[in-house]
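Observations on the three-dimensional arrangement
These are the residues of each chain, in order.
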Amino acid sequence: DAGVTQSPTHLIKTRGQQVTLRCSPKSGHDTVSWYQQALGQGPQFIFQYYEEEERQRGNFPDRFSGHQFPNYSSELNVNALLLGDSALYLCASNRWIEPEQFFGPGTRLTVL
Amino acid sequence: SQQGEEDPQALSIQEGENATMNCSYKTSINNLQWYRQNSGRGLVHLILIRSNEREKHSGRLRVTLDTSKKSSSLLITASRAADTASYFCATVKTSGSRLTFGEGTQLTVNP
């Protein structure tokens, strides 16, 4: 039973570019959340998707957008990248009715 | 903004000793969860305690929750070098809502 998977593992972009990160949830899970973790800090909630709709959103600008597909996988898009967007981006999945979230290994994004 | 604040920020102990980490939070919660993270990789869920519970055990882990003080503690008994990691508490305000993480405690267990 595969856990949460994310791609790519690492990514290097330049300021102003756009990036798409992908996440496949754990089998049986229908809810996907995205978190940003800057170096030395705790993860910060970006948004949550359930039934292909954004259900909750953290304090992130509109440059951050997402999508959930019918197979429950999800994408995180970031436009007009800034140096400060450099971070580890974590995807987590769970069943909507259950509180424990299972995290993927993350995508390390570096913006130059 | 961070809901939880872990204390201490860093902890270094010898193998076999117990490690205690504390977490304080500001608002009422539905549940509190503890996660472990090794070297900037994904987080691993350790244990969840609900607001109506005071203590839970899982293997070498013991978690307490004091809602009147808005605080929780994680005790790892008989620590091992493999326990070296960052430990985060995360609160959930209402069922189904987001995880709000603290800054974490970096635990180092020396062999």
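In case you missed it, the structure is sitting above this.
Our subject in this report is the structure included herewith. Keep in mind it's a predicted model, so treat the numbers as computed, not measured.

Scoring rules and cut-offs
Residues numbered from 1 in each chain as written. Chains lettered and ligands numbered in written order. Predicted model: local features only at pLDDT ≥ 70, side-chain atom pairs only at ≥ 80, totals over all residues. Heavy atoms only, no water. Phe/Tyr/Trp six-rings, centres within 6.5 Å; stacked < 30°, edge-to-face > 60°. Helix = DSSP H or I, 4+ residues; strand = E, 2+ residues; numbered from the N terminus. Buried < 20%, exposed > 50% of the residue type's maximum accessible area, 1.4 Å probe, protein only. Contact = heavy atoms within 4.5 Å. Buried area = accessible area lost by both parts, 1.4 Å probe. Polar contact = N/O pair within 3.5 Å; in protein donor to acceptor, adjacent residues only side chain to side chain. 1 Å grid on protein atoms, 1.4 Å probe; cavity = no way out; pocket = protein on both sides within 12 Å on 5 of 7 lines; lining within 4 Å. Points joined across faces, edges and corners; volume = space filled by probe spheres on them. Nonpolar A, V, L, I, M, F, W, Y, C, P; charged D, E, K, R; others polar. Pairing = 2+ DSSP bridges. Axes fitted to C-alpha atoms, helices over the stretch in contact; angles between N-to-C directions.

Turning our attention to the packing of aromatic side chains. Enumeration over the complete set of coordinates arrives at ten aromatic pairs over all chains. Here Tyr 35 of chain A and Phe 45 of chain A contribute two aromatic rings whose centre-to-centre distance is 5.7 Å and whose plane-to-plane angle is 70°, an arrangement assigned as edge-to-face. In this pair, Tyr 35 of chain A is assigned in strand 4 (residues 31-37) and Phe 45 of chain A in strand 5 (residues 44-50), connecting sequence segments ten residues apart. Judged on exposure class, the residue Tyr 35 of chain A and its partner Phe 45 of chain A are both buried. Centroid distance Phe 88 of chain B to Phe 101 of chain B: 6.3 Å. Interplanar angle 85°. Geometry classified as edge-to-face. Residue Phe 88 of chain B is found in strand 9 (residues 85-92), and its partner Phe 101 of chain B is found in strand 10 (residues 100-101); the two are separated by 13 residues along the sequence. An identical accessibility class is assigned to Phe 88 of chain B and Phe 101 of chain B; each is buried. Grouped by ring-pair contacts, the aromatic residues Tyr 35, Phe 45 and Phe 103 of chain A together with Tyr 35, Phe 88 and Phe 101 of chain B constitute a single cluster.

To continue, consider the interface of chain A and chain B. Every contact between the two is made by 21 residues of chain A and, on the other side, 20 residues of chain B. Both faces combined, the contact of chain A with chain B buries some 1600 Å², and carbon together with sulfur accounts for 49% of it. Put simply, chain A and chain B have six residue pairs in polar contact (both at pLDDT 80 or more) between them. Among the secondary structure elements, those contributing two or more residues to the side of chain A that touches chain B are strand 4, strand 5, strand 6 (53-57) and strand 9 (87-94) of chain A. When residues of the side of chain A that touches chain B are assigned to their parent elements, the largest contribution, three residues, is made by strand 5 of chain A.

Quick look at empty space enclosed by the protein now. It is the rolling of a water-molecule-sized probe over the atoms that shows where space remains empty. Tallied over the entire structure, the rule returns one cavity of 30 Å³ or more. When its volume is computed, the largest cavity comes out at roughly 60 Å³. Around the largest cavity, the lining residues are Gln 48, Asn 94, Trp 96, Glu 98, Pro 99 and Gln 101 of chain A together with Val 92, Gly 96 and Ser 97 of chain B. For the lining of the largest cavity, the per-class residue count stands at three nonpolar, five polar and one charged.

All names here are of chain A. One open sheet holds the four strands; their spatial order is 1-3-8-7, and the pairing between them is antiparallel. In this open sheet, the two edge strands, each paired with only one partner strand, are strand 1 (5-7) and strand 7 (64-68). Across this sheet, the average inter-strand angle for adjacent strands is 20°, counted without regard to direction. Examined bridge by bridge, strand 1 and strand 3 (residues 19-24) share three bridges and lie antiparallel to one another. Note on strand 3: the bridge partner recorded for Thr 5 is Ser 24.

The next point concerns the layout of surface pockets. Estimates place the volume of the largest pocket at around 310 Å³. In terms of lining, the largest pocket is formed by 20 residues, of which the most central are Gly 40 of chain A together with Gln 37, Ser 86, Phe 88 and Gln 106 of chain B. Counting residues per element, the ones that place at least two in the lining of the largest pocket are strand 9 and strand 11 (105-110) of chain B. No other element matches the three residues that strand 9 of chain B contributes to the lining of the largest pocket. Taken together, the residues of the lining of the largest pocket sort by class into five nonpolar, 13 polar and two charged.

Turning next to the pairing of strand 5 of chain A. Residue and element names in this part refer to chain A. Burial analysis of strand 5 places six of its seven residues in the buried class, the great majority of the element. Hairpin remark: strand 4 followed by strand 5, antiparallel, with six residues in the connecting loop; positive phi at Gly 40, about 80°. Hairpin remark: strand 5 followed by strand 6, antiparallel, with two residues in the connecting loop; positive phi at Glu 51, about 50°.

Fair warning: the whole summary comes from geometry, so function is off the table for now.
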